[in-house]
Amino acid sequence: MACWRLARTDATTSFMPPDLDSSRPPHPSISELFRAFFTMALHGFGGVLPWARRIIVEEKRWMTAEEFNEAFAVSQFLPGANVVNLAVIFGGRLHGAAGAAVALIGLLAPPVTIVLVLGALYEHYGGVDDLQRILRGVAAAAAGLIVAIVIKMAKSMVRKLSPAPFVALAAFAAIGIMRWPLPWVLVVMAPASIALSWWQRR
Amino acid sequence: MKELDTLIALAVQFAILSLFAIGGAMAVVPEMHRQAVDVAHWMTERQFADLFAIG
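We now turn to the structure provided with this report.

How each quantity is defined
- Counting from 1, residues in each chain are numbered in the order their sequence is written.
- Naming scheme: in the order in which they are written, chains are lettered from A and ligands are numbered from 1.
- Only residues with pLDDT of at least 70 are given local features in this predicted model, and only at 80 or more are side-chain atom pairs given and counted; all residues enter the totals for whole chains, interfaces and linings.
- Helix and strand assignments follow DSSP, with helices taken as H or I runs no shorter than four residues and strands as E runs no shorter than two, numbered in order from the N terminus.
- Residues with at least 20 neighbouring C-beta atoms inside 10 Å of their own are called buried, those with 12 or fewer are called exposed, and the rest are partly exposed, where every C-beta is derived from the backbone.
- Note on contacts: each residue gets a C-beta atom placed from the backbone, and two residues are in contact if those atoms are within 7 Å.
- Each residue is assigned to one of three groups, with Ala, Val, Leu, Ile, Met, Phe, Trp, Tyr, Cys and Pro labelled nonpolar, Asp, Glu, Lys and Arg labelled charged, and all others, Gly among them, labelled polar.
- Nonpolar cores are identified as sets of buried Ala, Val, Leu, Ile, Met, Phe, Trp, Tyr and Cys residues joined via C-beta atoms within 7 Å.
- Orientation is described by axes fitted as lines to C-alpha atoms, over the contacting stretch for helices, and by angles from 0 to 180 degrees between their N-to-C directions.
- Small angles under 35 degrees read as roughly parallel and large ones over 145 as roughly antiparallel, with 65 to 115 read as roughly perpendicular and the rest as oblique.
- In this analysis, the expected span of each helix is defined as 1.5 Å times one less than the number of residues it contains.
- Bend, at a single residue, is the angle you get between axes fitted to the 7 residues ending at that residue and the 7 residues starting at it.
- A clockwise turn of the near helix away from the far one marks a right-handed crossing, whereas an anticlockwise turn of less than a right angle marks a left-handed crossing.

Scanning chain A from terminus to terminus reveals nine helices and zero strands. Counting helices and strands in the order they occur from the N terminus, chain A gives α-α-α-α-α-α-α-α-α. The buried share of chain A, taken over its 202 residues, is 14%. Sequence-distant contacts in chain A: of pairs separated by 6 or more residues, those separated by 24 or more amount to 44%.

In structure tokens, the structure reads:
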């Protein structure tokens, strides 16, 4: 890797035009792919995305910023966790099904291991009083973070006149108060909110 | 056998959840809670809050 990079730098500075060089992305091996996603997962407590961008675009230069944004837009649109989708798309683009599998396993192995260990510890020590108090505090903090995000999002919705606050309130009533199943709520609300915003834009 | 049934139910439930997690996993936590605590009684209210804190 290091010596490849050296050669590339030489070529760029001596005789190759830089834009031609950047249009020819390097091709990582399967094991490099695994290591990259494993590293991302290890660093990415509370959010892998910034690390994914940093490693894929800035460090390894496997993708340009535009390519990364495009792949991420597709991942957001697809169901499932965004970064997981990104790993499958990226790995698949480079090495087909094997690449997708390797990137996925690399991304999931560290957190799955950590959560399994924590779960086993909880199973054993979950009843201990002190731990109960700690967990209560952490859960309260996590709930507070969610409330903070909700307030932030709500502010930007209220600023401009739109049906968005009503959709949000209806969703809250259906899920939080009525406790209706999410799939049914989505099936009704998603088309309704799309129709509302289309109607408003006309 | 009952163990296996529970495992299959778990897998099916979470597969469905992941299909609805468009835009982020946080959106399906209430549904996870409804399934695990209210419907299937896989865990108590307190256990769910504890595990949410851990995860």
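With that settled, the discussion passes to the overall build of chain B. Scanning chain B from terminus to terminus reveals three helices and zero strands. Ordered by position from the N terminus, the helices and strands of chain B form the series α-α-α. Considering only C-alpha atoms, chain B reaches an extent of 35 × 25 × 20 Å along its principal axes.

Moving on, we come to the interface of chain A and chain B. Taken together, the contact pairs 20 residues of chain A with 21 residues of chain B. For the side of chain A that touches chain B, the secondary-structure elements that each account for two or more residues are α6 (82-125), α7 (129-159), α8 (164-177) and α9 (182-201) of chain A. The residue makeup of the side of chain A that touches chain B, split by class, is 14 nonpolar, five polar and one charged.

Moving on, we come to the nonpolar core. Residue and element names in this part refer to chain A. In this structure, Leu33, Phe37, Met40, Ala52, Ala87, Ala103 and Leu107 are the most contacted members of the largest nonpolar core, which totals 21 residues. For this core, the elements supplying multiple residues, two or more each, are α3 (30-43), α4 (49-59) and α6. Here the element with the most residues in this core is α6; it accounts for nine residues. Other than its neighbours up to four places away in sequence, Ala103 contacts Leu33, Phe37, Ala87, Val88, Phe90 and Gly91.

Take the packing of α7 of chain A against helix α3 (residues 45-54) of chain B next. It is the contact of α7 of chain A with α3 of chain B, at a shortest axis distance of 8 Å, that shows an interaxial angle of 75°. Of the possible angle classes, the one that applies to α7 of chain A and α3 of chain B is roughly perpendicular. Counting all contacts with α7 of chain A, which are made through Leu135, Val138, Ala139 and Ala142 of chain A, the residues of α3 of chain B involved are Ala49, Asp50, Phe52 and Ala53 of chain B. Counted by class, the contact of α7 of chain A with α3 of chain B contains seven nonpolar, no polar and one charged residues.

On to α6 of chain A, then. Taking 1.5 Å per residue as the helical rise, α6 of chain A with its 44 residues ought to reach 64 Å, whereas the 33 Å between its terminal C-alpha atoms falls clearly short. The largest bend in α6 of chain A comes to about 145°, at His95 of chain A.

So, about unusual backbone geometry. When glycine is set aside, most residues are seen to have a negative phi, and most peptide bonds are trans. Even without a glycine there, the phi angle at Arg179 of chain A is positive, about 60°. Among the structural elements, Arg179 of chain A can be located in the loop between α8 and α9. A count of 13 C-beta atoms within 10 Å places Arg179 of chain A in the partly exposed class. Even without a glycine there, the phi angle at His41 of chain B is positive, about 55°. Structurally, the position occupied by His41 of chain B is in the loop between α2 (29-39) and α3. According to the C-beta neighbour criterion, His41 of chain B is exposed, with 9 such atoms within 10 Å.

All names here are of chain A. Locating Leu104 in the fold gives a position in helix α6. Judged by local crowding, Leu104 falls into the partly exposed class, with 18 C-beta atoms found within 10 Å. With 21 residues separating them in the primary sequence, Leu104 and Val83 have C-alpha atoms 9.4 Å apart.

Another aspect to go through is the packing of α3 of chain A against α6 of chain A. All names here are of chain A. Here α3 crosses α6 at 40°, and the two axes come no closer than 8 Å. When the axis of α3 is compared with that of α6, the two are oblique. Viewed along their axes, α3 and α6 form a crossing whose handedness is right-handed. Partitioned by chemical class, the residues of the contact of α3 with α6 number 17 nonpolar, four polar and no charged.

On to the environment of Phe166 of chain A. Residue position: Phe166 of chain A is located in helix α8. A C-alpha to C-alpha distance of 9.4 Å links Phe166 of chain A and Ser193 of chain A, two positions 27 residues apart in sequence.

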